[in-house]
Structure formats: structure tokens, C-alpha cells
Amino acid sequence: MCLLHPCWSCCCLLLFFSLGVQGVPKDPSAAPEQIHLSYPGEPGSMTVTWTTWVPTLSEVQFGVQLTGPLPLRAQGMASLFVDGGHLRRKLYIHRVTLRGLLPGIQYVYRCGSSQGWSRRFRFRALNDGPHWSPRLAVFGDMGTDNPKALPRLRRDTQQGMYDAVLHVGDFAYDMDQDNARIGDEFMRLIEPVAASLPYMTCPGNHEERYNFSNYKARFSMPGNNEGLWYSWDLGPAHIISFSTEVYFFLHYGRHLVERQFHWLERDLQKANKNRAARPWIITMGHRPMYCSNADLDDCTWHESKVRKGLFGKLFGLENLFYKYGVDLEFWAHEHSYERLWPIYNYQVFNGSREMPYNNPRGPVHIITGSAGCEEKLTRFTLFPRPWSAVRVKEYGYTRLHILNGTHIHLQQVSDDQDGKIVDDVWVVRPLLNRMMYL
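Presented here is an overview of the structure given in this document. (Residues numbered from 1 in each chain as written. Predicted model: local features only at pLDDT ≥ 70, side-chain atom pairs only at ≥ 80, totals over all residues. Heavy atoms only, no water.)

## Remarks on the state of the cysteines
Between two cysteines, a covalent bond joining their sulfur atoms is known as a disulfide.
Piece 1. Scanning all chains against the criterion turns up one disulfide.
Piece 2. You can see Cys 373 has no disulfide; the closest cysteine sulfur is in Cys 299, sitting 15 Å from it.
Piece 3. The exposure class assigned to Cys 373 is buried, which follows from its relative accessible area of 1%. (Disulfide = S-S within 2.5 Å. Buried < 20%, exposed > 50% of the residue type's maximum accessible area, 1.4 Å probe, protein only.)

Take a look at the structure:
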């Protein structure tokens, strides 16, 4: 027997354990995974984001033919992400933005490098301008465990039902768990949807660990605020994503509350100047201002932080959104679905008794946090509040159809009832005087 053999065995064991400590596969892979799209806000563009376990070049090959060579090329950059867990796992996050895309055209793409390529995916470039009718899937609070809405969302995506996805906070439960392996698993789970549609996000409370580092690293949203707040235009709508979490995790910096508030006001001012072209203003933030759930969350308190601000008076969002005529506000956090009557300061401002959402005199709130996670569904109070129109304690998600500048169609899909539409409402507002609620 060779005397060196025991040492060689020891070396193998050391190598095995060192790879385990790093938390990467036994054979570190350069093959892309966790592939997803986002819209960077620039017409004719799309950003592709993916993960590898070793540093590689970042390239996307794309074209319009379903088979054969992919003639177009785009290069980007990879950044090293070190998770905050005790294993300090290393992920290489790649970002490549495709430009010069023709509106409404389907593209085929693959991403990676000569060290490894993904399989081919397809997406349709977003249409330009305000004169088309986007369709979106909207939901929050979807986990790696119990993602009830995901199979139906995958089928909807394969059938071409949507132009984009809005995920209103809370991913994976939680992306940082098990040294970020839960985040990896979640990103793999959503790939059949997110690699085919721009998957637009906002942060929730479950992203908080290590100053939202997994959220900031894994998603590629427009703007320069690490995806915490940003806005973008889609058809006849201006969509604003923001962080409710700055009001709750003040140890990361109280200045973030003020910074975001002033950014929101400037963005709303700009959106109102462009309201003739894009009449709808839609917001998405994780924790609601109002809810009628049977828990002790912020939205159950009369002076909720998101609604009234810090200390009940600083940087509250309800007055701001009302002042600038926000039409539709999406929330999540509560693991249920609730549609409110048009509301401001606890008063119902229906358009009329017969048609409450026809020219409403206050914003319409939709809470859609029942996509499914390990925490199951959230109970409601026994009796609904006077401002609560519809409450559904079932797994599901929301469909949003922005038909034109005056009509929006909302539907709630129940996964508990095999895709049945359990809420269906039109919001109608005139083109003129959109900034003011009269």
C-alpha cells in the first residue's frame, strides 16, 4: 500500500468539507440558474438576471426564431454577493440588459458564458407608449413552502395571459434562511414564470435580514435605490413601487423614511404632469394602511404607521397619495384578499351607491397576500369594517387588466376553488381632473 494514500484521503475529505462550508454544489457550477426578467424602465429593453457559483462572463444570446442560431448578443456584468449567514455563501449575480427590442415581438434567449449556458426561454417585449392594454398578475407573500398560487400562475404564463408580474413583497420565507439556500430554492421555483415575464417587486418584512441584502442582490429593478423604491410606465399607467419597511426597521436609518417620502412626492408630481398620456397612477407597497384581519398588524391600528407616518404625523402616505390622485393601491402582508371601498381617512367615497367604483372620490385599496406560504392564511374579524367591500380567505392572486386610460378591470382568482373568479370589479375614472378627488 502506498503510504501517501491516507494523506490523499484526508485531502479529499478536507476538500469535501470546504465545499460544504462554502455552501455551493460539490462541483461548483458555471451553468446559469435562477433566471428571471425585469423591465429597467427604458422602452425597448429587458434585463436578464441569473446566478452562478463561480465567476464567469455574462452574456445573453437572443433572436426571434424559435429554433436555430441566436444571432444577437448582449454583455453585462457579474457581482459577488456574500450572504450574511454564518457560512458566508458566495453567489455570483449576473445582469445583462437587452436593448433595441421591437415592441410586442417574441424573443428567444439563453444566458451564460462559454463555461455553461442556460436552456432557451421566451419572452415578449413590452409594447411602447400608452395606447395598449397591459395585463398583470399581482400578489404577495409567496413562499418556497406552500406556494399555492404558483402552479396556476405557471399555466397562465404559458398561455400568454400576462405582460408582467407584480410581487408585492415577502418572498421564500425567507430568502436568507439556511444560509440563503431557501432564497436559491425560491428563485428556482419562480423561474418558469419569471424567466418569461418581467417580475417586478417591492420589499416586505420577510426580506429584512442583513439590511435586505438578499432582496437587493437578487432582483434588478429600475432606478438607483437598490429596488427599495422606483417607478415605471406601462401602457396608460404609471406604476410606483416603494418600501413600507422603512417605517418599521428604523435601525437601518431613519433618513430612509424621509428620502423615500420626498422621492415619492417628486415622482407623483412628475406623473401628474404626464397624466394626459398616462392617466392611471398605481402604487404597490407591502404593509397595508387598512385591513380587517384578526391580528395585531399595523393595518389593524387606527393610526397605522404607513397611513399616518412616524409618531402619527411624519411622512404619512395616505395624505400624499390622496393629494396627488393615486387611483389604485396594491398591498399584501395579510394572507388573504380584501377589496376596500374607495376610502380616505376612514371615510368611504364611493362614486355612487349604484356604481361605487365609477368615478370614485378616493383611492381604491386591494390587499392581495394569499399566494401561499408556510404561515398559511390570515383570519378576518367576525364582522367586516364599514369600508371593507369584499373579503376572501382563500389562496389565490389578482389579475389586473389596464384596458385604457379610463377603465381598469380587477379579478381575484381562487386556487381553493380551482381558478374560480371570486371577485370581479371595474374601476372607471374620467380622463379629465384626475389629480383631484372632488
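## Describing the pairing of strand β28 (residues 420-428)
Piece 1. Taken together, the eight bridges between strand β27 (residues 407-414) and β28 define a ladder with antiparallel strand orientation. The residue bridging His 409 from the neighbouring strand is Trp 426, located in β28.
Piece 2. Hairpin connection from β27 to β28: five residues lie between these consecutive antiparallel strands, with Asp 418 at a positive phi of about 60°. (Pairing = 2+ DSSP bridges. Helix = DSSP H or I, 4+ residues; strand = E, 2+ residues; numbered from the N terminus.)

## Details of helix α5 (residues 255-273)
Piece 1. Over its 19 residues, α5 runs 28 Å from end to end, which matches the ideal 27 Å to within 8%, given 1.5 Å per residue.
Piece 2. The complete set of buried residues in α5 reads Leu 256, Val 257, Gln 260, Phe 261, Trp 263, Leu 264, Glu 265, Asp 267, Leu 268, Ala 271 and Asn 272.
Piece 3. Looking at the buried side of α5, the elements it contacts are β15 (230-234), β16 (237-241), β17 (280-284), β18 (309-310), β19 (314-315) and α7 (317-323). (Expected span 1.5 Å × (residues − 1). Contact = heavy atoms within 4.5 Å.)

## Here we look at the sheet that holds strand β2 (residues 46-52)
Piece 1. Read from one edge to the other, the open sheet built from four strands follows the order β1-β2-β6-β5, with strand pairing classed as antiparallel. At either end of the open sheet lies a strand with only one pairing partner, and these are β1 (33-38) and β5 (77-82). With direction set aside, neighbouring strand axes in the sheet form an average angle of 20°.
Piece 2. Against the sheet, helix α3 (residues 177-194) makes contact with β1 and β6 (90-98), and its axis sits at roughly 55° relative to β1, the strand it touches most.
Piece 3. Against the sheet, helix α4 (residues 209-218) contacts β1, β2, β5 and β6, and its axis sits at roughly 40° relative to β6. (Axes fitted to C-alpha atoms, helices over the stretch in contact; angles between N-to-C directions.)

## A few points about the pattern of salt bridges
Piece 1. Summed over the entire model, instances satisfying the criterion amount to 20 salt bridges.
Piece 2. Here Asp 418 ties to Arg 152 by a salt bridge, and the two come within 3.3 Å at their closest N and O atoms. Within this pair, whereas Asp 418 is found in the loop between β27 and β28, its partner Arg 152 is found in helix α2 (residues 150-158), the two being separated by 266 residues in sequence.
Piece 3. Taking the shortest distance from any N to any O, the salt bridge between Arg 434 and Asp 327 comes out at 3.5 Å. Highlighted residues: Arg 434 in the segment after β28 and Asp 327 in the loop between α7 and β20 (328-331), separated in sequence by 107 residues. No difference in accessibility class separates Arg 434 from Asp 327, as the two residues are buried. (Salt bridge = Lys/Arg side-chain N within 4 Å of Asp/Glu carboxyl O.)

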